[in-house]
Amino acid sequence: MHRRDLYFLSKYRLKAKKEIVKRWLDKCPSLFGIVKTDKQTSFFDGRIVQTNYQLLNTLPLTKVDIESFLSESRKYYDDIQLHPEVMAFYLNYNYYKDVEEIDEKDDEESEENTFNFDNLPHVYQDKFKIVSKLLGLNEDFPKTNLYRDFRSNVRSTLYDKLKKGKVLVRGTNATIFSNGYEMLLYIINKLNDKYKPILKDNEVFSYFFNEGEELCLGRSPHITMGNVYYAKNVKEPEPIKKYFVLSKEIIYFNSINNNVMNRLNDCDFDSDSLLITNDSHLVNAAKKVYQNFKVPVNGLPSSAKDLDLYKIDYNISSNKIGQIVNFSQLLNSIYWDSSTRENVNINREELYKDICILSILSGVEIDKAKRDYDVNVPEVIKKLKEKYLKGFYETNRPFFFNHRILDILSSSTKKIENVPFSTTMDYICDAAKNKAFVQRKREGTVSFQDLVNHSSNTNLSSYNRKKVKESRDIIEKYYIEYNKICAKYKGDDTFNQRKDDWLCRLLKDFEDYLTNNDCIYKLLSSIDTKDMIKYFWIILYFIFNRDKNNANFYKQVFKEKTDNLYKLVIDDDAINPDFEYYGIKLVKEKV
C-alpha cells in the first residue's frame, strides 16, 4: 500500500463516500510485502552466515564435534594461503565483515603505539580493494614480501575470528514474519478459536532452505539454552504463495499458541531477525537443548513508561544488557563445566533457573524505554554473582573470555585467570589455537619495485627531488603525530574523532605531492627499503584513489601480467569444481 493512499484515508476517511473507497480498493493489489530492506550476508554471495559466540556456547558440542565442525573453515583458510585466486575470492566475497574484524584486531594490537595505517576503517577497506586489484593485474604480486605479510595477517585474523565464535556455516540472517495470513483472516472476521494455523509449532517456511531441512535458529541477544530454536522447513503453504512476496532473507513462522516469542528471548515482529543455519553439527546440538531445557518466560508485571524524556535517556544510559549477556555466558560455561570438574558442587538445575532469570532481565533492559518493571536489575546480578562466583569460579574464567569478553563481572580483588573450561567456545579456542600452518612450496621472491611500470610516461632521472623529500617529510610528520595521539588519547571518547581529523589533514597535505607522476614513481622505486616500507599502504591508497575520474590510473603505474591469472566464480552445476567450500562449488575462469 502506497504512503499517499494511507494519507488519503487518514485525512478524508470521514468524508469519503463508499463508492470512492470501493474504487480505491479495486485498484489495490492483493499482494503484500515486508517493509524492510533485505540484505544478503557478506559471505559467498549471501549463501553463508557467520555464527556468534552466544549461540555456540549454549550448544552441547564435544571436542570431536568441534574438530569436524571447523574442518571446512580450516580447509578454506588453508587454501586462502596456498592459492592467490582463493585469496582474491575471499577478498571479494567476504569484504565488509572481515574489514570490521581486522579493524578490531588492529585496534587491539596498537597498544605499543606504533603507527598502523590499517587502524583507519575507511582506508583499510581500500586496502582490501587494492590487494584484490593487484592480484588481478599481475601474477607476480603474490611473490612479493608485501603480499606475503598481508597473507599472514589475514590468516591470523581468520583464526582470531574463530576464537571469537565467528564461524562460517551455510545459512542466512532472516527477518521474522509471523502469522501474516492469520492477520488477513482476522481483518475479515474469519479467524476464530477453532482455527488451526497453516504452520505447526516447530515448522517454518523459508525460500533459502529446501523442504524438509532441519534448522538451528537463534536471535541476539541470545542468553541461554532455552533460547535455542529448532525447526523444520516446510513446503511453501498455498496462502503464503498467494498473498505474500517474500525473499530468501525472510522467514515465516507461527506464534499462535506457541512459545516461540519467549524462546527467542522476547522477540517481536518489528524487523527482528534470526541467524538460521542447516549445519548438521549445530542442528543436532539444537535438537538436544530444544528437548531438554525449559523456555524462560517473563511473568513480571509492568506498567506504562513515564514519557519524561530525561528519565528515558537516563535509563537507556544505565542499561545493563552487555553485563547481563556476558554474565549469562559465564554461567552457561559454569553449567557445562561443572558436570566434569572435580571438587565443584553446583546444583545445575538451580543454576539453569538462575540463568533463565538473566534471560528475563535482558528483556527488561531492552524494554526500558517502553515500560517499567518493578525489579532492581543490578541487585539481582549482584546476588547471582555472590551465589556462583566463589571457590574455583571466583578467580577462573573460560579461556574464550580472553578473546571475546572484557571481564567486569568479578568483585574479587584476586587475580582473574583464563583457563580451559569444558564448554563449546573453549573447545573452539583450543582447536583454533592449535592450527597447523600450511606448508607452502617456496617460490622466488619478486621485488615490489619490479611491478612498477617504468615506461615513457615518466623519466626517473628528471623527478623533482625537492617534491619527493617534502612528501617523505610529510609522511614522517604524520607518522610521529599519530603515535602521540595513540599514546595520549587511546581509550578516550575523543580518540576516533582525533584519528579521523588526523587522516583528513594527512590526505589534504599529501595529495599535492602525489599529483606528480615523477614523485609517485620515485616513491615506489624505493618502497622495499627499510625506511619506506612503513609508508607502503599510504602511498598505494593515493595511487588507487588519486583520480576519481580515472579509476584505472593504477594500471598506468603497475605492469600488467595476466598469462597465468585466474579468478574463481560460483558454479552450482560444475561436475568437477576446482574448489568447494561449505557445499558451494567454485571454478576457475581466465582473467
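Keep in mind that what you see is a predicted model, and the values were worked out from it rather than measured.

Quick look at the packing of helix α14 (residues 321-337) against helix α15 (residues 348-366)
Here's step 1: Remark: α14 packs on α15, axes separated minimally by 10 Å, with the N-to-C direction vectors making an angle of 165 degrees. Compared by their axis directions, α14 and α15 come out roughly antiparallel. Crossing handedness for the pair α14 and α15: left-handed. Every residue of α15 that contacts α14 at I321, I324, F327, S328, L331, N332, I334, Y335 and W336 is listed here: R348, L351, Y352, I355, L358, L361, S362, E365 and I366.
Here's step 2: Class assignment for the residues of the contact of α14 with α15 results in 13 nonpolar, three polar and two charged.

A look at unusual backbone geometry
Here's step 1: Residue P221 follows S220 across a cis peptide bond; omega there is 0 degrees.
Here's step 2: Here P221 lies in the loop between β5 (214-218) and β6 (229-233).
Here's step 3: For D45, which is not glycine, the phi dihedral falls at a positive 60 degrees.
Here's step 4: The phi dihedral of N179 falls on the positive side, at around 55 degrees, and the residue is not glycine.
Here's step 5: Looking at where N179 falls in the secondary structure, it is placed in the loop between β3 (168-178) and α9 (180-187).
Here's step 6: Judged by relative accessible area, N179 falls into the buried class, the value being 6%.

Side note on the packing of helix α4 (residues 63-82) against helix α5 (residues 84-93)
Here's step 1: Their axes nearest at 5 Å, the elements α4 and α5 cross at an angle of 115 degrees. The crossing of α4 and α5 is left-handed. Counted together, Y76, D79, I80 and L82 of α4 and P84, V86, M87, F89 and Y90 of α5 form the full contact between these two elements.
Here's step 2: Looking at side-chain class alone, the contact of α4 with α5 contains eight nonpolar, no polar and one charged residues.

Thresholds, definitions, all that
- Residues numbered from 1 in each chain as written.
- Predicted model: local features only at pLDDT ≥ 70, side-chain atom pairs only at ≥ 80, totals over all residues.
- Heavy atoms only, no water.
- Axes fitted to C-alpha atoms, helices over the stretch in contact; angles between N-to-C directions.
- Helix = DSSP H or I, 4+ residues; strand = E, 2+ residues; numbered from the N terminus.
- Parallel < 35°, antiparallel > 145°, perpendicular 65-115°, else oblique.
- Left-handed = near helix turned anticlockwise from the far one by under 90°.
- Contact = heavy atoms within 4.5 Å.
- Nonpolar A, V, L, I, M, F, W, Y, C, P; charged D, E, K, R; others polar.
- Buried < 20%, exposed > 50% of the residue type's maximum accessible area, 1.4 Å probe, protein only.

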